[in-house]
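Report on the structure
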Amino acid sequence: WYCFFFFVLYIHPMTDILLVRHAHTYGNAQRMIWYSWETDKLDALGLEQIPNLWKKLWDQISSLLQGRDRRVILHRSDTNRTRETLELSALSMSWIEFEIESPHMDLGEIDMWDMVGKPIDQELFRTVLTSVHHRFPNGESRKDVGERMWRYIAWLEKDAIHVVFS
């Protein structure tokens, strides 16, 4: 089972940020940590998830708009999986006018550097998830990810709805 994560962050009275995790990929199916071209794209399950994703987003965005004239801006990390999730989803968004920002590295997932190409180490993941300061070998900690995400969020346009794919 694979689900989308939606978080709504408020950084300004009229600024809303929806954080969306990418759809299912070949790398997810292999339960391996991969960042190659072949595994960093949506698989059949990921493609099936897109309509459900946009139904949920439609509900969220509609409730945030509530008849007000606000810009909707889509953002994504620099990975293929977020590009595919955003592009396929945007095809279903004819109901609203939106803008798409250029991809940005600061929106990427946690860097697991030495773990790439290896099976998922459950014990290491538990350690990293229970401590914001613990880093993956030659990679990042959760604190590092938070700092670069907040750096990106700080310059977002106020009085808009931002949908961020990561």
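No experiment lies behind these values; they were computed from the predicted model shown. (Residues numbered from 1 in each chain as written. Predicted model: local features only at pLDDT ≥ 70, side-chain atom pairs only at ≥ 80, totals over all residues. Heavy atoms only, no water.)

In terms of helices and strands, the chain carries five helices and five strands. In sequence order, the secondary structure elements of the chain are arranged as β-β-α-α-β-α-β-α-α-β. Residues counted as buried form 43% of the 166 residues belonging to the chain. Within the chain, residue pairs in contact and separated by at least 24 positions form 70% of the contacts whose partners lie at least 6 positions apart. Total accessible area on the chain stands at roughly 9,300 Å², and carbon and sulfur atoms take up 57% of it. (Helix = DSSP H or I, 4+ residues; strand = E, 2+ residues; numbered from the N terminus. Buried < 20%, exposed > 50% of the residue type's maximum accessible area, 1.4 Å probe, protein only. Contact = heavy atoms within 4.5 Å. Areas by Shrake-Rupley, 256 points an atom, 1.4 Å probe, with all protein chains shown as cover.)

Turning to the pairing of strand E2 (residues 15-20), a few remarks are in order. With five of six residues buried, E2 lies mostly within the body of the structure. Sheet topology note: the E2/strand E5 (residues 160-165) ladder contains five bridges and is parallel. When the sheet's bridge partners are listed, isoleucine 17 is paired in E5 with histidine 162. (Pairing = 2+ DSSP bridges.)

Another aspect to go through is unusual backbone geometry. Not every positive phi belongs to a glycine, and asparagine 138 is a case in point at roughly 60°. Note on placement: asparagine 138 falls in the loop between helix H4 (122-130) and helix H5 (142-154). For asparagine 138, a relative accessible area of 61% corresponds to the exposed category. A positive phi is found at aspartate 159, a non-glycine position, where the angle reads about 55°. As for its placement among the helices and strands, aspartate 159 is situated in the loop between H5 and E5. Here aspartate 159 falls in the partly exposed class, since its relative accessible area comes to 37%.

Our focus in this paragraph is H4. Those residues of H4 that fall on the buried side of the exposure criterion are Leu124, Phe125 and Val128. Seen from one end, H4 has its buried residues packed into an arc of 100°, which puts them on one side. The elements touched by buried residues of H4 are H5. (Arc of directions from axis to C-beta.)

Of all six residues in E5, six are buried, a share of seventy percent or more. Side chains Ala160, His162 and Val164 of E5 all project onto a buried face; the interleaved residues Ile161, Val163 and Phe165 project onto the opposite face, where all are buried too.

Our next topic: the confidence of the model for the chain. Overall, the predicted model of the chain reaches an average pLDDT of 80, with 86% of residues at or above 70. No element of the chain has a lower mean pLDDT than strand E1 (residues 6-12), which averages 51, and none a higher one than strand E3 (residues 71-76), which averages 90. Low pLDDT, under 50, characterises residues 1-6; the predicted model gives this stretch 19 contacts beyond four residues in sequence or across chains. (pLDDT = per-residue confidence, 0-100.)

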